[in-house]
Structures are given as structure tokens and as C-alpha cells.
Amino acid sequence: MAELTSGAARTSLRVEVTEDLRRRILSGELAQGERLVEDRLAALLGVSRNPVRESIRVLATEGFVEVVPRIGATVARLSAEEGEELFDVRMAVEGLAARLAARKRRPEAVERLRRVLDAAREAVEAGRPAEVAELNTAFHLAVGEAAGNSYLNLMMKPMVQRAQWVFSQTAAVRAPHSWTEHLSLCEAIAAGDEDEAQARAVAHVAAARRSFLAAVARTTDRPDGDAQVTTDPPQDG
């Protein structure tokens, strides 16, 4: 990254660094529990320590980073309890988003969903789980936009970003099932079937919930406490 000096450029650089670090956390490149050493990250990103320090503060407010006085910053760990709370909210919000999207059934919105699904299918077939995780987020955000409700959209982005962090824990094995469920949801939205769209959205979140909790149960039993999933969760759809 090229470091600039003006006030506006510094703000832009901080945003850029924050987005980069967030992406690395969401993808698992920066693993849960990993220490965030400012000098090392600055060298990695080609910037000074200041934007890195500012970005860590931003990510701490978002819950992706934990800062402990006199110890430093680490990537936060995603607990089963936090995951449960997130899935509870997702069921309500994403079910409503799917219902509203089906009610409005705007052709351009449906076409956007299908484009994301096409890209996701290619990523699944090519075995690119990190890309699948990003497209998973894109699909859910597209459903939120298709709902056409400004208040709902305010909730969707931070919630879905958090959901991507969850999804990345099981993306390697969850991806084919997630893609199939997304396809089914898109079909219900395109058909304008509000009840079916909501039911499929809730069922999709429920399936993701079961996979995540199964993964957490295994990682807590591992002696190294590594939060990254390396074995296949039960295929519950």
C-alpha cells in the first residue's frame, strides 16, 4: 500500500487498512486468538504503525479484535454463545428479508442474486472456500437489498459480516450445501412466494447453525484449542 500524507489520504488509508485486516480475519488468514503485532502488520501491508493501530481500534469496536492492557491485541475468539445469539438474530432478520424480497420480486434484484449464485457455483466446483465465503456474504447482502427496506439494510451489513466469520469456520465442507440452499431461496424469491422464501431462509440459517455448533464442539475438545475447522461437520443440509 502506498502511504499518503494529507488528512483525507490518512483517513482513506486507515479505511483501506481496516478493510484489509477485517478481510484477513474473516477469511481465517488471521486466526482466532492470534496476536496482532503492529510492526509485523505494518510491514506486511507496507504502511506505518499509525494506520494499523487505528484500524485495530476500529476492529475492536466491531468485536473482531480484543485489546488487553499491557498485553496487546489479538483476534477475538468466536464462542458458541455468541454464535447462538447471532443465529437467533439471523433467523428473524433474514427470514423477513427473504419475505420482503419475494413480495417485491424485482427482476433486477433476482438477476443480481443469480449472478452471485453462478459465481459461487464456480468457486465451489473449483474448491475455493475463501471466495465462497465472500460470495456467501454477497448473496445475503443482495437478499437484504432486494427486500427494499432501508431500516433492514442498516442491520444486514454488520450482521452478515459477522456471519461470514462464522461461515469461514466450516466453508470448506459447508459450501456445497450452502450454495444449494441459496439456489432454493432464490427460486422462491423469483416466484414471489413470500411464505416459502421466509421458510427457506430460516431453514438455511438453521442448517448453518448446526454445522457451526458441531464445529465448535470439536474444536473445544482439541488440545491446541485451535478454532479453525479441519474435519467435516455432519452434513445436515
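Residues numbered from 1 in each chain as written. Predicted model: local features only at pLDDT ≥ 70, side-chain atom pairs only at ≥ 80, totals over all residues. Heavy atoms only, no water.

### A look at the sheet that holds strand β2 (residues 65–68)
Alright, step 1. Ordered by their spatial adjacency, three strands build an open sheet running β1-β3-β2, and the pairing between neighbours is antiparallel. The open sheet has two edge strands, β1 (35–36) and β2, and neither has a second partner.
Alright, step 2. Bridge count between β2 and strand β3 (residues 72–75): four bridges; the pairing is antiparallel. Among the inter-strand pairings, Val 68 is bridged to a residue of β3, identified as Gly 72. (Pairing = 2+ DSSP bridges. Helix = DSSP H or I, 4+ residues; strand = E, 2+ residues; numbered from the N terminus.)

### Remarks on the packing of aromatic side chains
Alright, step 1. Within the structure shown, the criterion is met by two aromatic pairs.
Alright, step 2. Geometrically, the ring pair formed by Phe 64 and Trp 165 is edge-to-face, given 5.3 Å between the ring centres and 65° between the ring planes. With Phe 64 in the loop between α3 (49–62) and β2 and Trp 165 in helix α7 (residues 150–168), this pair connects stretches of sequence that are 101 residues apart.
Alright, step 3. The buried category is assigned to Trp 165, whose relative accessible area is 1%.
Alright, step 4. Residues Phe 87 and Phe 212 carry aromatic rings whose centres are separated by 5.9 Å and whose planes lie at 50° to one another, so their mutual orientation is tilted. On the criterion of sequence distance, the pair formed by Phe 87 in helix α4 (residues 80–104) and Phe 212 in helix α9 (residues 194–221) is long-range, its members being 125 residues apart. This pair shows no difference in class: Phe 87 is buried, exactly as Phe 212 is.
Alright, step 5. In this structure, Arg 162 is placed above the aromatic ring of Phe 64, and the distance from its NZ or CZ to the ring centre is 4.9 Å. (Phe/Tyr/Trp six-rings, centres within 6.5 Å; stacked < 30°, edge-to-face > 60°. Buried < 20%, exposed > 50% of the residue type's maximum accessible area, 1.4 Å probe, protein only. Lys NZ or Arg CZ within 6 Å of the ring centre and 35° of its normal.)

### Focus on helix α5 (residues 107–126)
Alright, step 1. Between its first and last C-alpha, α5 extends 29 Å over 20 residues, near the 28 Å set by a 1.5 Å rise per residue.
Alright, step 2. Taken as a whole, α5 has its buried residues at Ala 109, Val 110, Leu 113, Val 116, Leu 117, Ala 120 and Ala 123. Axial view of α5: buried residues confined to an arc of 140°, hence all on one face. Residues of α5 that are exposed and point more than 90 degrees away from the buried face comprise Pro 107, Glu 108 and Glu 125.
Alright, step 3. Phi turns positive, to about 70°, at Gly 127, one or two residues after α5. (Expected span 1.5 Å × (residues − 1). Arc of directions from axis to C-beta.)

### Remarks on the nonpolar core
Alright, step 1. Of all hydrophobic cores here, the largest spans 62 residues; its most connected members are Ile 25, Leu 36, Trp 165, Leu 185 and Ile 189.
Alright, step 2. Not counting residues within four places of it along the chain, the set of residues in contact with Ile 25 comprises Leu 30, Leu 59, Phe 64, Val 65, Val 75 and Trp 165. (Core = buried A, V, L, I, M, F, W, Y, C linked by side-chain atoms within 4.5 Å. Contact = heavy atoms within 4.5 Å.)

### Here we look at the environment of Pro 51
Alright, step 1. Within the secondary structure, Pro 51 is located in helix α3.
Alright, step 2. Between the alpha carbons of Pro 51 and Thr 11 there is a distance of 8.5 Å; along the sequence they are 40 residues apart.

### Some thoughts on the packing of helix α6 (residues 129–147) against α7
Alright, step 1. At a minimum axis distance of 9 Å, the contact between α6 and α7 shows a crossing angle of 160°. In terms of orientation, α6 lies roughly antiparallel with respect to α7. Of the two possible hands of crossing, α6 and α7 adopt the one that is right-handed. On the side of α6, the interface is formed by Val 132, Ala 133, Glu 134, Asn 136, Thr 137, His 140, Leu 141, Gly 144, Glu 145 and Ala 147, while α7 contributes Leu 152, Asn 153, Met 156, Lys 157, Val 160, Gln 164 and Phe 167. (Axes fitted to C-alpha atoms, helices over the stretch in contact; angles between N-to-C directions. Parallel < 35°, antiparallel > 145°, perpendicular 65-115°, else oblique. Left-handed = near helix turned anticlockwise from the far one by under 90°.)

### Description of a nonpolar patch on the surface
Alright, step 1. Together, Tyr 151, Leu 154 and Met 155 line one region of the surface with nonpolar side chains, adding up to about 390 Å² of accessible area.
Alright, step 2. Judged by relative accessible area, Tyr 151 falls into the exposed class, the value being 64%. (Patch = residues over 30% accessible without salt bridge, like charges linked within 9 Å, V, L, I, M, F, W, Y side chains within 5 Å. Areas by Shrake-Rupley, 256 points an atom, 1.4 Å probe, with all protein chains shown as cover. Salt bridge = Lys/Arg side-chain N within 4 Å of Asp/Glu carboxyl O.)

### Focus on the confidence of the model for the chain
The predicted structure's coordinates, where accompanied by low pLDDT, should not be read in detail.
Alright, step 1. Across the chain, the average pLDDT comes to 86, with 86% of residues at 70 or higher.
Alright, step 2. Scored below 50 in pLDDT, residues 223–237 makes 36 contacts in the model with residues more than four places away or belonging to other chains. (pLDDT = per-residue confidence, 0-100.)

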